[in-house]
Amino acid sequence: MSFFFEVLIGGLLSGVLYALVALGFVLIYKASGVFNFAQGAMVFFAALTFVGFQQVLPGWTGLEAGGRTVFWLAFVLALASMVVLGILTEKVVLRPLVNQPHITLFMATIGLTFLVEGIAQAIWGANVHGLDLGIADEPIEWVMDSADIIVSKFDVFAATLAGALVASLALFFQYTKVGRALRAVADDHQAALSIGIPLQHIWAIVWAVAGFVALVAGLIWGARSGVQFALTFTALKALPVLILGGFTSVPGAIVGGLIIGASEKLAEVYVGPMVGGGIEGWFPYVLALGFLLVRPEGLFGEKHIDRV
Amino acid sequence: MLYREAGQFKASYQEDQQIFPIRQDRMGFAAILAFFFLVVPMIADQYWLQAILIPVLIFSLAAIGLNILTGYAGQLSLGSAAFMAVGAFGAYNFMLRIDGMPFIVGVVLGGLCAAAVGVAFGLPSLRIKGFYLAVATLAAQFFIVWALVKFPWFSNNASSGVITAQRVEILGYAFDTPVSKYLLTLAIVAVLALLAKNLVRSTTGRSWMAVRDMDVAAEVIGIRPMHAKLTAFAVSSFYCGVAGALYAYTYLGTVEPEGFSLDLSFKILFMIIIGGVGSIMGSFLGAAFIVLLPIFLNVVMHSAFGGSMPAGLGSNLELIIFGGLIIFFLIVEPHGLARLWQLGKEKLRLWPFPH
């Protein structure tokens, strides 16, 4: 039984990481109606930029390599790069496509994915970098002693961070003026424009926030598995989470992440051996697909009514 | 001056409804076909045939498949490569397991397998749309490739999952030189492209476009969205499947399931965006563009840097240019190269006196 719980908890914790990436998607979708396929590339770009700055900063400034100052300086610089990237995206890609069909915007973000991946590697190189956040990936002792279950400190830290991020974002959307404007823009570009909401500011803000979320996700994923090209595939992990949770719901991303994470690991352990293993790659998609047939708008999504 | 339809009168419905209503178009098309069937085999060397012309033709077919689904029926799919894989492995298995299976029949049966799988994965489109569906087609992409790797039966128990295509033979004639393979591919692609062109002009094609433009309204005027969507999935997957079979038989010879990756699916999507969404002609232009661009870049980079080209720069530059081009085309010319072609023809009609 403790094995079952171990798998379950491991799955839930990795689900939190999926949710973190999915959160970036939800933010942009909620505020601009754009399904940003480039979120995975942004995660990669953010993590690579952070690591890149961490490596070059000691040489530029004479600061001690690996120190706290360098860490925060790199963090700020990476965040600034993400904000610049977001604003550029808004100016160059999104603004000319206002009022185009959603599918066109989606395809534009697929183009953006390739662009960002190429630029990230052209600047920082394609090597795999290690990333140390200073939190050890080791089991928590008292949980191991009392319940005989291995729970990694790092995972718990990541989960806490994700939880805090989600809570603050939910509050931001619900209770601030900017948050309200964001929701208005998401509902209808044109209507929001006509009542005087500055569309480009809102989009710039939202892409900057999404860049911040991507940076946090990138740091956590990077610390887990190294900063490398494979980080872009986190986007593919986050998609079924989105379908399950609904594209417009921040809590949906979390709940979806937990469900996908847990069911994926459980399926791999208990169903996988029957069919030859390796089902982690597609199981979340099939699960999400099955779910869509029952409830097309996802768990927490808004029901969409079509009129002619 | 040369391209003017003055004096060409249409006296019957048939004449009015032909694919190329203008005589110069008909002649031009015949000239192009004659050029590719007769002249190219004589002047092209092995490299051009094997590395450029055959893949362009095959990808054009796959792009036509995706264009039918995305451009005409409005259902975005990110799983085209998976349907190509089904076609390739289907054709391989039919030819392996049934003695004396003719090549063409094997390819068609492979395509039909892909169509069946396509319909199965198209079923969710009845309830979901837009990018929900795009994400759902990723399920096909991952599941099919996984299944082909995991069940060795599909690849005749080859441990690595790699299949080696059988000899291509039709009525005792073996297609084993590049020229003969090229001609075979060209013939199949030409026939299927013509079929596609006619199909999208038919009732079926019009119902696809109605569903694409507004599915609720289409339903109101009596088009069955379910029927339209599923036929779109079936026909589209059939085309992708045949393209996959040709990919294995006339292009590569040996293929593995991982070759039909998400990257290939994206490439096919790029072909239709750049070539022109909702255009058969655009599928050809897009495929040619996407196949030629990396080769062109490589040549340019080599002449610019010589032997001292920094490693990895080429592939990164390719990513950047691909991504940039997609965005550029979506913003500036959403109808792709096909639209430019059309504009050119319109300009030509007025030339030399544009008003």
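Each chain carries its own residue numbering, running from 1 in the written order of its sequence. Chain labels run from A onward and ligand labels from 1 onward, assigned in the order the entries are written. Where totals are concerned, whole chains, interfaces and linings use all residues; where local detail is concerned, this predicted model gives features only for residues with pLDDT of at least 70, and gives and counts side-chain atom pairs only at 80 or more. The side-chain values count all of the structure's non-hydrogen atoms but skip hydrogen atoms and water molecules.

### Looking at the overall build of chain A
Looking only at helices and strands, chain A features 13 helices and zero strands. A run of H or I in DSSP becomes a helix once it reaches four residues, and a run of E becomes a strand once it reaches two; helices and strands are each numbered from the N terminus. Across chain A, helices and strands are ordered from the amino to the carboxyl terminus as α-α-α-α-α-α-α-α-α-α-α-α-α. For this measure, only C-alpha atoms enter the radius of gyration; the expected value for a globule follows 2.2 Å times N^0.38, where N is the number of residues. Taking 308 residues into account, the globule formula puts the C-alpha radius of gyration at 19 Å, and chain A, at 20 Å, falls close to it. For chain A, buried positions account for 54% of its 308 residues. The buried label goes to any residue with under 20% of its type's maximum accessible area, the exposed label to any with over 50%, and the partly exposed label to all in between, with areas taken from a 1.4 Å probe on protein chains only.

### A word on the interface of chain B and chain A
We call two residues in contact when some of their heavy atoms are within 4.5 Å. With 37 residues of chain B at the interface, the matching set in chain A holds 46 residues. Buried area is calculated as the accessible area (1.4 Å probe) missing from two parts once they are joined, with the contributions of both summed. Summed over both partners, the interface of chain B with chain A buries about 3900 Å², with 83% contributed by carbon and sulfur atoms. We define a polar contact as two N or O atoms separated by no more than 3.5 Å, with the added condition that, inside protein, one atom must be a possible hydrogen donor and the other a possible acceptor, whereas residues neighbouring each other in sequence contribute only through side-chain atom pairs. Inspection of the chain B/chain A interface yields zero residue pairs in polar contact (both at pLDDT 80 or more). Breaking the side of chain B that touches chain A down by element, the ones donating at least two residues are helix 6 (131-150), helix 9 (215-220), helix 11 (262-275) and helix 13 (313-332) of chain B. No other element matches the 11 residues that helix 6 of chain B contributes to the side of chain B that touches chain A.

### Quick look at unusual backbone geometry
Excluding glycine, residues mostly carry a negative phi; peptide bonds, for their part, are mostly trans. All names here are of chain B. For Asn156, which is not a glycine, the phi torsion comes out positive at approximately 55°. Residue placement: Asn156 occurs in the loop between helix 6 and strand 1 (163-164). Despite not being glycine, Leu171 shows a phi value in the positive range, around 50°. Its location among the elements puts Leu171 in the loop between strand 2 (169-170) and strand 3 (173-174).

### Quick look at the packing of helix 4 (residues 102-124) of chain A against helix 13 of chain B
Only C-alpha atoms enter the line fits that serve as axes; for helices the fit covers just the stretch in contact. Angles between N-to-C directions range over 0 to 180 degrees. Two elements in contact, helix 4 of chain A and helix 13 of chain B, have axes separated by 7 Å at closest approach and are oriented at 155°. With respect to their mutual orientation, helix 4 of chain A and helix 13 of chain B come out roughly antiparallel. Seen from above, helix 4 of chain A lies across helix 13 of chain B with left-handed handedness. On the side of helix 4 of chain A, the interface is formed by Thr104(A), Met107(A), Ala108(A), Gly111(A), Leu112(A), Phe114(A), Leu115(A), Glu117(A), Gly118(A), Ile119(A), Gln121(A) and Ala122(A), while helix 13 of chain B contributes Asn316(B), Leu319(B), Ile320(B), Gly323(B), Gly324(B), Ile326(B), Ile327(B) and Leu330(B). Residues of the contact of helix 4 of chain A with helix 13 of chain B, tallied by class, amount to 12 nonpolar, seven polar and one charged. With respect to orientation, any angle under 35 degrees is reported as roughly parallel, any angle over 145 as roughly antiparallel, any angle of 65 to 115 as roughly perpendicular, and every other angle as oblique. Left-handed is the label given to a crossing in which the near helix is rotated counterclockwise from the far helix by less than a right angle, and right-handed is the label when the rotation is clockwise. As a working rule, the residues Ala, Val, Leu, Ile, Met, Phe, Trp, Tyr, Cys and Pro are called nonpolar, Asp, Glu, Lys and Arg charged, and the rest polar, with Gly in that last group.

### Here's the deal with a nonpolar patch on the surface
For patch detection, residues must exceed 30% relative accessible area and be free of salt bridges, and they are connected within 9 Å for like charges or within 5 Å for nonpolar side chains (Val, Leu, Ile, Met, Phe, Trp, Tyr). Values of accessible area rely on a 1.4 Å probe in the Shrake-Rupley scheme; residue burial ignores everything except the protein chains shown. Salt bridges are identified by distance alone: a Lys or Arg side-chain nitrogen within 4 Å of an Asp or Glu carboxyl oxygen. Together, Phe3(A), Val269(A), Tyr270(A), Val271(A), Met274(A), Val275(A) and Phe151(B) make up an exposed nonpolar region whose accessible area comes to about 620 Å². Where the nonpolar patch is concerned, the elements lending two or more residues are helix 11 (250-270) and helix 12 (272-275) of chain A. Tracing the backbone shows Val275(A) in helix 12.

### Re the nonpolar core
Ranked by size, the top nonpolar core spans 202 residues in total, and within it Phe35(A), Phe50(A), Leu239(A), Phe260(B) and Leu269(B) carry the most contacts. Top element by residues in this core is helix 3 (residues 46-72) of chain B. It accounts for 16 residues. The contacts of Phe50(A), once residues within four sequence positions are left out, are Phe71(A), Ala74(A), Phe75(A), Ala78(A), Leu131(A), Leu215(A) and Leu219(A). With six residues, the next largest nonpolar core counts Ala267(A), Trp282(A), Phe283(A) and Trp146(B) among its residues. Put simply, a nonpolar core is a bunch of buried Ala, Val, Leu, Ile, Met, Phe, Trp, Tyr and Cys residues held in one set by side-chain atoms that sit within 4.5 Å of each other.

### Details of the packing of aromatic side chains
Two aromatic rings, drawn from Phe, Tyr or Trp (for Trp, its six-membered ring), form a pair once their centres lie within 6.5 Å of each other, and the interplanar angle then sorts them: stacked below 30 degrees, edge-to-face above 60, tilted otherwise. Overall, the coordinates contain 34 aromatic pairs over all chains when judged by the stated rule. Arranged with centres 6.4 Å apart and planes meeting at 45°, the rings of Phe4(A) and Tyr270(A) form a pair that is tilted. Taken together, the residues Phe4(A) in helix 1 (residues 2-32) and Tyr270(A) in helix 11 connect sequence positions 266 residues apart. A relative accessible area of 28% places Phe4(A) in the partly exposed class. Take Tyr270(A): its relative accessible area is 39%, and that puts it in the partly exposed class. Between Phe50(A) and Phe71(A), the ring centres sit 5.3 Å apart and the planes meet at 75°, which makes this aromatic pair edge-to-face. In this pair, Phe50(A) is assigned in helix 2 (residues 39-61) and Phe71(A) in helix 3 (residues 68-94), connecting sequence segments 21 residues apart. For the pair shown, Phe50(A) and Phe71(A) are each scored as buried. These aromatic residues form a ring-pair network of at least three members: Phe25(A), Phe35(A), Phe37(A), Phe106(A), Phe114(A), Phe266(B), Phe270(B) and Phe322(B). Lying over the aromatic face of Trp153(B), Arg97(B) brings its terminal NZ or CZ to 4.1 Å of the ring centre. Charge over a ring is defined by NZ of Lys or CZ of Arg lying within 6 Å of the ring centre and within 35 degrees of the ring normal.

### Examining helix 10 (residues 225-252) of chain B
Residues and elements named next belong to chain B. Relative to the 40 Å expected for 28 residues at 1.5 Å per residue, helix 10 spans 38 Å between its end C-alpha atoms, a close match to the ideal helical length. What the bend at a residue measures is the angle between two axes, fitted to the seven residues ending there and to the seven starting there. Bending of helix 10 peaks at approximately 30° at the position of Leu246. Counting buried positions along helix 10 yields 22 of 28 residues, so the element is predominantly enclosed. One or two steps after helix 10, the chain reaches Gly253, where phi turns positive at roughly 90°. How far a helix is expected to stretch is found by multiplying one less than its residue total by 1.5 Å.

### Thoughts on the pattern of salt bridges
Counted according to the given criterion, the structure contains seven salt bridges over all chains. The partner of Glu264(A) in a salt bridge is Lys265(A), and the shortest N-O contact between them spans 3.3 Å. Of the residues examined, Glu264(A) reaches a relative accessible area of 0% and is grouped as buried. Overall, the relative accessible area of 23% leaves Lys265(A) in the partly exposed class. Between Asp25(B) and Lys345(B) there is a salt bridge, and its shortest N-O distance comes to 3.4 Å. Of this pair, Asp25(B) sits in helix 2 (residues 23-43) while Lys345(B) sits in helix 14 (residues 336-350), and the two are 320 residues apart along the sequence. What makes Lys345(B) partly exposed here is its relative accessible area of 25%. Each of Lys237(A), Glu264(A) and Lys265(A) takes part in salt bridges that share partners, so that together they form one network.

### Examining the confidence of the model for chain B
Confidence scores here are pLDDT values: one per residue, from the predictor, ranging 0 to 100. On average, chain B scores 89 in pLDDT, and the residues at 70 or more come to 98%. Interface confidence for the predicted complex, given as ipTM, is 0.84, next to a pTM of 0.89.

### Regarding the environment of Phe20(B)
Within the secondary structure, Phe20(B) sits in the loop between helix 1 (13-16) and helix 2. Residues in contact with Phe20(B), not counting those within four places in the same chain, are Asp25(B), Arg26(B) and Phe29(B).

### Considerations on helix 13 of chain B
When the terminal C-alpha atoms of helix 13 of chain B are compared, their 27 Å separation across 20 residues agrees well with the 28 Å that a helix rising 1.5 Å per residue should span. Regarding helix 13 of chain B, the residues found buried are Asn316(B), Leu319(B), Phe322(B), Gly323(B), Leu325(B), Ile326(B), Ile327(B), Phe329(B) and Leu330(B). The inward-facing, buried residues of helix 13 of chain B contact helix 3 and helix 4 of chain A together with helix 11, helix 12 (280-305) and helix 14 of chain B.

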